[in-house]
Amino acid sequence: MDYSDLLKKAEEAREFAYAPYSKFKVGAALLTKDNQIFTGCNVENSAYSSTMCAERVCIYKAVSQGCREFTAVAVYAGLHRAAPCGECRQVLAEFGTDILVVMGGAEGLMVKSVKELLPFSFTMKP
Ligand code: THU
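Let me begin by describing the structure that accompanies this report. (Residues numbered from 1 in each chain as written. Predicted model: local features only at pLDDT ≥ 70, side-chain atom pairs only at ≥ 80, totals over all residues. Heavy atoms only, no water.)

This part covers the overall build of the protein. Broken down by element type, the protein carries four helices and five strands. For 126 residues, the compact-globule formula gives about 14 Å, and the C-alpha radius of gyration of the protein, at 14 Å, lands near that figure. Considering the protein as a whole, with its 126 residues, one finds that 39% of them fall into the buried category. Look at the contacts in the protein between residues 6 or more apart in sequence, and 59% of them connect residues 24 or more apart. (Helix = DSSP H or I, 4+ residues; strand = E, 2+ residues; numbered from the N terminus. Rg over C-alpha atoms; globule rule 2.2 N^0.38 Å. Buried < 20%, exposed > 50% of the residue type's maximum accessible area, 1.4 Å probe, protein only. Contact = heavy atoms within 4.5 Å.)

What follows is about the site of the ligand. All residues in the neighbourhood of the ligand are listed as S22, F24, V26, N42, E44, T51, C53, A54, E55, P84 and C85. A distance of 3.0 Å separates an oxygen atom of the ligand from a polar atom in the backbone of A54. Between the ligand and the protein, one listed contact pairs an oxygen atom with a backbone N or O atom of C85 at 2.9 Å. Here the ligand loses 77% of its free accessible area of 370 Å² to cover by the protein chains. (Near = heavy atom within 4 Å. Polar contact = N/O pair within 3.5 Å; in protein donor to acceptor, adjacent residues only side chain to side chain. Areas by Shrake-Rupley, 256 points an atom, 1.4 Å probe, with all protein chains shown as cover.)

Before going further, it helps to examine the pairing of strand β1 (residues 27-32). Regular strands have side chains that alternate between both faces of the sheet. Of all six residues making up β1, six are buried, and the element is well covered by its neighbours. Of the two faces of β1, both are covered, the one formed by G27, A29 and L31 as well as the one formed by A28, L30 and T32. As judged from the five bridges shared by β1 and strand β2 (residues 37-41), these two strands associate in the antiparallel manner. Counted as the bridge partner of G27 is C41 from β2. (Pairing = 2+ DSSP bridges.)

Attention now moves to the sheet that holds strand β4 (residues 100-104). Hydrogen bonds between backbone atoms are what pair the strands of a sheet, whose relative direction is either parallel or antiparallel. Read from one edge of the open sheet, five strands run β2-β1-β3-β4-β5, paired in mixed fashion. The outermost strands of the open sheet, each flanked by one partner alone, are β2 and β5 (110-113). Averaged over all pairs of adjacent strands, the angle between strand axes in this sheet comes to 20 degrees, irrespective of strand direction. As paired strands, β1 and strand β3 (residues 70-76) are joined by six bridges and run antiparallel to one another. Bridge assignment links G27 to a residue of β3, and that residue is Y76. Most of the contacts of helix α1 (residues 3-14) go to β3, to which it runs at about 50 degrees, and overall it touches β1, β2, β3, β4 and β5. (Axes fitted to C-alpha atoms, helices over the stretch in contact; angles between N-to-C directions.)

Okay, the pairing of β5 next. Sheet topology places β4 next to β5; four bridges connect them, and they run antiparallel. Paired with L100 across the two strands is S113, which belongs to β5. Count of turn residues in the β4/β5 antiparallel hairpin: five residues, of which G108 carries a positive phi of about 100 degrees.

Taken together, the side chains of Y18, Y21, V43 and Y48 define a hydrophobic patch exposed on the protein surface, amounting to about 440 Å² of accessible area. Along the chain, the position of Y21 falls in the loop between α1 and β1. Y21 sits in the partly exposed class, given a relative accessible area of 39%. (Patch = residues over 30% accessible without salt bridge, like charges linked within 9 Å, V, L, I, M, F, W, Y side chains within 5 Å. Salt bridge = Lys/Arg side-chain N within 4 Å of Asp/Glu carboxyl O.)

Interpretation note: all reported values are geometric properties and have no functional meaning in isolation.
Encoded structure:
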């Protein structure tokens, strides 16, 4: 699967975003090493801090179904090329700093590794 196909899945997942408060809809699609795709969208809450980002939704879906090895995640938030927030970067780093993050928007596609997006990330490994 190429990056633009994964981004297309993120764009499709964005349709399900529940964002009545910010009106900022985000979709994400996570590619596993065995070529499965898990999608996610942001799910907001009237108690704002209970909101969950699209990226973490797809990661938690995958992990809760037994998948822990990921190749890439695509994020799509419309014309504005959004990058994952700090918390999502930390959650991605838990599963590998070599995971590629594909970000799309009007400016075109950008691909960065989790390592590049979150250098010197926290780890309990010595
Ligand atoms: N959001 C995401 O889905 N992913 C991010 O990486 C950052 C922000 C969502 C959360 C909230 O529903 C909306 O975007 C505005 O912050």
